[in-house]
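For reference, the chains in residue letters:
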Amino acid sequence: MRWLTEAELDSWLSVVRVITWLPWSIDQQLRRDSDLAIVEYQVLAMLSGSPERTMRMSSLAEVTNASLSRLSHLVKRLEARGLVRREPDPADGRFTNAILTGQGFQTLAAAAPGHVAHVRSLVIDVLSPEQLRRLGLAADRIMSRIDTSEIN
């Protein structure tokens, strides 16, 4: 067992604070300004960037890191608000598609400027372009380890 050095521990605790507080802060801004939770915004954003604003629920669960059960409950709430609808996949009826409605797209479009401004103020504008590039590369390296971890 290799314990963390003091410098490693300091860096690790900084990462823990960021991964804890950054999503919370973004969620708070979205809830306050747009009545959307961060995961709801992510679902709407993923759908908006998909062909015909449609994705299979299983694919949507994967890209939002939600279980299919959790995503189903979330999409049900979004359906009740008129932001998303579900239909059987015409290519394979065993699957269900989530489809972004016009109202859902308008909600996302209205939420996006405030969301981007908040992300910019918290992350983008406090880093130089080189620091941001390096942060992205470091995040990609960490994600590749997460993706190949035996635990996952």
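Details of the structure are given in the entry above.
What you see is a predicted model; the values in this text were computed from it and never measured.

Next up on the list: the nonpolar core. Judged by nonpolar contacts, the single largest core of 24 residues is most densely connected at Leu-44, Leu-47, Leu-71 and Val-84. Counting residues per element, the ones that place at least two in this core are helix 1 (6–34), helix 2 (38–48), helix 3 (57–63), helix 4 (68–80), strand 3 (96–100) and helix 5 (102–122). At 5 residues, helix 2 tops the list of elements feeding residues into this core. For Leu-44, the residues in contact, after removing those within four places along its chain, are Leu-36, Leu-78, Leu-83, Val-84, Leu-100, Gly-104 and Leu-108.

Right, let's talk about the packing of helix 1 against helix 5 for a bit. In contact at an axis separation of 10 Å, helix 1 and helix 5 are set at 150° when each is read in the N-to-C sense. When the axis of helix 1 is compared with that of helix 5, the two are roughly antiparallel. Judged by the sense of rotation from one axis to the other, the crossing of helix 1 with helix 5 is right-handed. Here helix 1 contributes Leu-22, Ser-25, Ile-26, Gln-29, Leu-30 and Ser-34 to the contact with helix 5, which in turn contributes Ala-111, Gly-114, His-115, His-118, Val-119 and Leu-122. Here the contact of helix 1 with helix 5 is composed, by residue class, of 6 nonpolar, 6 polar and no charged.

The rules behind the values
Residues numbered from 1 in each chain as written. Predicted model: local features only at pLDDT ≥ 70, side-chain atom pairs only at ≥ 80, totals over all residues. Heavy atoms only, no water. Core = buried A, V, L, I, M, F, W, Y, C linked by side-chain atoms within 4.5 Å. Buried < 20%, exposed > 50% of the residue type's maximum accessible area, 1.4 Å probe, protein only. Helix = DSSP H or I, 4+ residues; strand = E, 2+ residues; numbered from the N terminus. Contact = heavy atoms within 4.5 Å. Axes fitted to C-alpha atoms, helices over the stretch in contact; angles between N-to-C directions. Parallel < 35°, antiparallel > 145°, perpendicular 65-115°, else oblique. Left-handed = near helix turned anticlockwise from the far one by under 90°. Nonpolar A, V, L, I, M, F, W, Y, C, P; charged D, E, K, R; others polar.

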